[in-house]
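The residues making up each chain are set out below.
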Amino acid sequence: MHGMNPEVSLLSVGQGRRARTIRKRVRDISKLTRFCSLTFGRPWPSDFSQVPQFLSASAEGGAPQSTLEAYLHALRFVECAGGVAEEKQVSRHPALKASLLEHSLMLPSTGIR
């Protein structure tokens, strides 16, 4: 890391996103870290099953489908910024897509299309 340009570092961590988008991702991921801290005593999920638990708790609390998807986008953003290899990213696990689909099917239909 010696001699690395701080501007280049910031660009890679921000992944080319606008400041507003980064703030939203940070706000969204903070909900996951708070849930993990309060529920499991650690600020970051230490086990895959903790993420679907968070999504379920959020859905039961009234979070709409778009919010649940935003949480996964935030998780993916942080994993990418942290340099987690794609095959090890929890946010890309197929079971999470299934979990989101399950929550969307359980939402009441508004009849609006």
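Chains are numbered independently. Their residues run from 1 in the order of the written sequence. In view of the model being predicted, local features appear only for residues whose pLDDT reaches at least 70, and side-chain atom pairs are presented and counted only at 80 or more, with totals across whole chains, interfaces and linings using the full set of residues. Calculated side-chain values reflect all of the structure's heavy atoms, with hydrogen atoms and water omitted.

Before going further, it helps to examine the layout of surface pockets. As a volume, the largest pocket reaches approximately 180 Å³. The wall of the largest pocket is formed by 11 residues, among which Ser56, Ala59, Glu60, His103 and Met106 lie closest to the centre. Under the DSSP-based scheme used, a helix requires at least four consecutive residues in state H or I and a strand at least two consecutive residues in state E, with every element numbered from the N terminus. Of all elements in the fold, only helix H3 (50-60) and helix H5 (94-106) reach the threshold of two or more residues within the lining of the largest pocket. Per element, the largest residue contribution to the lining of the largest pocket is 4 residues, and it comes from H5. The definitions used throughout rest on a 1 Å grid laid over the protein atoms alone, on which a cavity is an enclosed set of points accommodating a 1.4 Å probe that cannot get out and a pocket is an open set flanked by protein within 12 Å on both sides along at least five of seven lines; lining residues are those having an atom within 4 Å of a point. Grid points are joined across faces, edges and corners, and a volume is the space filled by probe spheres set on the points.

Glancing now at H3. One turn of an α-helix holds 3.6 residues; hence residues three or four places apart share an orientation. Those residues of H3 that fall on the buried side of the exposure criterion are Gln50, Val51, Pro52, Phe54, Leu55 and Ser58. Positive backbone phi, at 100°, marks Gly62, one or two positions downstream of H3. Here's how the labels work: a residue is buried when its accessible area is under 20% of the maximum for its type, exposed when over 50%, partly exposed in between, all with a 1.4 Å probe on protein chains only.

A side-chain nitrogen of Lys or Arg and a carboxyl oxygen of Asp or Glu constitute a salt bridge if their distance falls within 4 Å. Within this structure, the stated rule accounts for 1 salt bridge. Here Lys24 ties to Asp28 by a salt bridge, and the two come within 2.9 Å at their closest N and O atoms. One end of the pair is Lys24 and the other is Asp28, both in helix H2 (residues 19-40) and 4 residues apart, which spans about a single turn.

The subject of this paragraph is the nonpolar core. Membership of the largest hydrophobic core comes to 15 residues, with the highest contact counts inside it found for Leu32, Phe54, Leu55, Leu68, Leu72 and Leu75. Elements with a minimum of two residues in this core: H2, H3, helix H4 (65-81) and H5. Here this core takes 5 residues from H4, the largest share from any one element. By convention a nonpolar core is built from buried Ala, Val, Leu, Ile, Met, Phe, Trp, Tyr and Cys residues, the set being connected through side-chain atoms within 4.5 Å.

Time to look at the packing of H2 against H3. Direction vectors running N to C along H2 and H3 enclose 105°, while the axes themselves pass 10 Å from each other. With respect to H3, the axis of H2 lies roughly perpendicular. For the pair H2 and H3, contact is made by Lys31, Leu32, Phe35, Cys36 and Phe40 and by Gln50, Gln53, Phe54 and Ala57, respectively. Here the term charged refers only to Asp, Glu, Lys and Arg, the term nonpolar to Ala, Val, Leu, Ile, Met, Phe, Trp, Tyr, Cys and Pro, and the term polar to all other amino acids, Gly among them. Residue composition of the contact of H2 with H3, by class: 6 nonpolar, 2 polar and 1 charged. Only the contacting stretch of a helix is used when fitting its axis, a line to C-alpha atoms as for every element, and angles between N-to-C directions run 0 to 180 degrees. Angles below 35 degrees are treated as roughly parallel, those above 145 as roughly antiparallel, those between 65 and 115 as roughly perpendicular, and all remaining angles as oblique. We call two residues in contact whenever any of their non-hydrogen atoms come within 4.5 Å of each other.

Let us look at the side chain of Asp28. On the basis of relative accessibility, which here comes to 7%, the residue Asp28 falls in the buried class. Excluding residues within four positions of it along the chain, Asp28 makes contact with Ala70, Tyr71 and Ala74.

A separate point is the side chain of Arg25. Take Arg25: it is sitting in helix H2. Residues within four places of Arg25 in sequence aside, it is in contact with His73, Ala74 and Phe77.

Before going further, it helps to examine the packing of aromatic side chains. Each Phe, Tyr or Trp ring (for Trp, its six-membered ring) is paired with any other whose centre lies within 6.5 Å, and the angle between the two planes then decides the class: stacked below 30 degrees, edge-to-face above 60, tilted in between. Under the definition given, this model contains 3 aromatic pairs. Between the aromatic rings of Phe35 and Phe40, the centroid separation amounts to 5.8 Å while the plane-to-plane angle is 75°, which identifies the pairing as edge-to-face. Aromatic pair Phe54 and Tyr71: ring centres 4.9 Å apart, planes at 50°, arrangement tilted. Of this pair, Phe54 sits in helix H3 while Tyr71 sits in helix H4, and the two are 17 residues apart along the sequence. For Tyr71, a relative accessible area of 10% corresponds to the buried category. Among the aromatic residues, ring-to-ring pairing joins Phe35, Phe40, Phe54 and Tyr71 into one connected group.

Structural measurements only, silent on function.
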